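Fold and contact review
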Amino acid sequence: MAAEGDVELDLEAEENCTGKPVEKPRKHDSGAADLERVTDYAEEKEISSSDLQTAMSVIGDRRSREQKAKQEREKELAKVIIKKEDVELIMSELEIPRIVAERSLREHMGNVVEALIALTN
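Residues numbered from 1 in each chain as written. Predicted model: local features only at pLDDT ≥ 70, side-chain atom pairs only at ≥ 80, totals over all residues. Heavy atoms only, no water.

Per an unreviewed UniProt entry, the chain is named Huntingtin interacting protein K, and its organism is Paramormyrops kingsleyae.

When its secondary structure is counted, the chain shows six helices and zero strands. Mapped in sequence order, the helices and strands of the chain form the string α-α-α-α-α-α. When each of the 121 residues of the chain is scored for burial, the buried share is 10%. Taking as baseline every contact in the chain between residues at least 6 positions apart, the subset at least 24 positions apart corresponds to 38%. A total of about 10800 Å² of accessible surface is found on the chain, and carbon and sulfur atoms cover 54% of it. (Helix = DSSP H or I, 4+ residues; strand = E, 2+ residues; numbered from the N terminus. Buried < 20%, exposed > 50% of the residue type's maximum accessible area, 1.4 Å probe, protein only. Contact = heavy atoms within 4.5 Å. Areas by Shrake-Rupley, 256 points an atom, 1.4 Å probe, with all protein chains shown as cover.)

Right, let's get into unusual backbone geometry. The phi angle at glutamate 95 is positive, at roughly 55°, despite the residue not being glycine. Its place among the elements puts glutamate 95 in the loop between α4 (84-94) and α5 (98-107). A positive phi angle, close to 55°, is found at methionine 109, a residue other than glycine.

Taken as a class, soluble globular proteins show a tendency for nonpolar side chains to be buried jointly. Judged by nonpolar contacts, Val80, Ile82, Val87, Ile90, Ala101, Leu105, Val112 and Ala115 together constitute the single largest core of eight residues. Residue assignment for this core shows that the elements contributing at least two residues are α4, α5 and α6 (112-120). If near-sequence neighbours (up to four positions away) are discounted, valine 80 is found in contact with Arg106, Met109 and Gly110. (Core = buried A, V, L, I, M, F, W, Y, C linked by side-chain atoms within 4.5 Å.)

Following the sequence through the fold, serine 104 ends up in helix α5. Its relative accessible area of 5% is what places serine 104 among the buried residues. Apart from residues lying up to four places away in sequence, serine 104 is in contact with Ala115 and Leu119.

This part is about the UniProt feature "domain: Nascent polypeptide-associated complex subunit alpha-like UBA" (unreviewed entry) in the chain. What UniProt calls "domain: Nascent polypeptide-associated complex subunit alpha-like UBA" (unreviewed entry) maps, in this numbering, to residues 81-120. Across residues 81-120 one finds 75% helix and 0% strand; the C-alpha atoms that close the span lie 22 Å apart. (UniProt positions renumbered as here; feature names shortened; annotations may be inferred.)

As structure tokens, this is what we get:
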């Protein structure tokens, strides 16, 4: 059997005999080629400005509708009459801030039991 030093000498001998260095097998070249094909495809594909404008307008419209619905919901909740005692009861029992207690009461139309159940679940 040959020792490690012998193997290195054999490689050097091969380099010297042919005049060219011996090429090592390339294990990862196929991955590089695949990556190159993917990047070439992505570079060729272009996004048209009209498609981009259409997408942006759809997103903008959706956001404006969501904001409008949220504002309408807040107006409806502001109309709900809640008792100060109910807010203080929820605050003291659950140890939560006033804003959270008021919001829960308004969402449940002033019903303390439903508000407490919703906050504990």
